[in-house]
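Coordinates in review
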Amino acid sequence: MPQTLHKIGLIIAFIPLAISLVVFPLLPDTIPTHFSSGTPDAWSDKWGAFGITALFALPLMSLVMCGILYRTAPSWYRIAGEAGQAFKNPKHMEMIIPSVAALILIMHIMTVCLLLNNV
């Protein structure tokens, strides 16, 4: 797998973690941790397990998914080759890592926006 796409995916995967680290000190002691129709219906202490999980779960998931997808990509090529389904353009398969990282980044930005708007 070309290292360029992996590096782009890794950079995108680290952005949610950077956002969380910047936003966390700015939050008040009590933060919303669950939303229903855009309005908070559960609150938690910022330093509690739910508060930390609410802000850092998606960034950690982004990094884990990037690592898993990078490690399993060679198997995808092998399995597709054995099944006689060669990729017409390998870049399409390699774009999965940055795409998944970007999707998680979008979800995290939406979560942080909801969190900051309801504090």
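Criteria and cut-off values
- Residues numbered from 1 in each chain as written.
- Predicted model: local features only at pLDDT ≥ 70, side-chain atom pairs only at ≥ 80, totals over all residues.
- Heavy atoms only, no water.
- Helix = DSSP H or I, 4+ residues; strand = E, 2+ residues; numbered from the N terminus.
- Rg over C-alpha atoms; globule rule 2.2 N^0.38 Å.
- Contact = heavy atoms within 4.5 Å.
- Areas by Shrake-Rupley, 256 points an atom, 1.4 Å probe, with all protein chains shown as cover.
- Expected span 1.5 Å × (residues − 1).
- Bend = angle between axes of the 7 residues up to and from the residue.
- Buried < 20%, exposed > 50% of the residue type's maximum accessible area, 1.4 Å probe, protein only.
- Pairing = 2+ DSSP bridges.
- Core = buried A, V, L, I, M, F, W, Y, C linked by side-chain atoms within 4.5 Å.
- Patch = residues over 30% accessible without salt bridge, like charges linked within 9 Å, V, L, I, M, F, W, Y side chains within 5 Å.
- Salt bridge = Lys/Arg side-chain N within 4 Å of Asp/Glu carboxyl O.

A short note on the overall build of the chain
The number of helices and strands found in the chain is four helices and two strands. Overall, the chain shows an N-to-C arrangement of helices and strands of α-β-β-α-α-α. Whereas a compact globule of 119 residues would reach a radius of gyration of roughly 14 Å, the chain reaches 18 Å, over 25% beyond that. Viewed in the frame of its principal axes, the chain has a C-alpha envelope of about 55 × 25 × 20 Å. Nonlocal contacts in the chain, meaning residues at least 24 apart in sequence, comprise 66% of its contacts between residues at least 6 apart. Carbon and sulfur atoms provide 70% of the accessible area of the chain, an area that totals close to 7200 Å².

What about helix α2 (residues 49-82)?
For α2, with 34 residues, the first-to-last C-alpha span of 46 Å sits near the 50 Å given by 1.5 Å per residue. Remark: the principal bend of α2, roughly 45°, maps to Phe-56, with a proline, Pro-59, within the next four residues. Taken together, the buried positions of α2 are Gly-51, Leu-55, Phe-56, Leu-58, Pro-59, Ser-62, Cys-66, Leu-69, Ala-73 and Ala-80. The first or second residue beyond α2 is Gly-84, which carries a positive phi of 75°.

Here we look at the pairing of strand β1 (residues 30-36)
Side-chain positions along a regular strand alternate between the two faces of the sheet. Pairing analysis gives six bridges linking β1 to strand β2 (residues 39-45), with the strands arranged antiparallel. Residue pairing in the sheet places Pro-32 in a bridge with Trp-43 of β2. Connecting the antiparallel pair β1 and β2 is a turn made up of two residues, with Ser-37 showing a positive phi of about 60°.

Regarding the nonpolar core
In terms of nonpolar packing, the biggest core is built from nine residues, these being Leu-17, Val-23, Phe-24, Leu-27, Ile-31, Leu-55, Phe-56, Val-112 and Leu-115. Elements that contribute at least two residues to this core include exactly α1 (3-23), α2 and α4 (96-117). Excluding residues within four positions of it along the chain, Leu-55 makes contact with Ser-20, Phe-24, Leu-27, His-108, Val-112 and Leu-115. Counting seven residues, the second largest nonpolar core, distinct from the first, contains Ile-12, Ala-13, Ile-97 and Ala-101.

Regarding the environment of Ala-73
Take Ala-73: it is sitting in helix α2. Overall, Ala-73 belongs to the buried group, its relative accessible area being 3%. As for Ala-73 and Leu-105, which are separated by 32 residues in sequence, their C-alpha atoms are 21 Å apart.

Overview of a nonpolar patch on the surface
Among the surface-exposed residues, Met-61, Val-64, Met-65, Ile-68, Leu-103 and Met-107 lie close enough to one another that they form a single nonpolar patch of about 490 Å² accessible area. Of all elements in the fold, only α2 and α4 reach the threshold of two or more residues within the nonpolar patch. Per element, the largest residue contribution to the nonpolar patch is four residues, and it comes from α2. Relative to the helices and strands, Leu-103 resides in helix α4.

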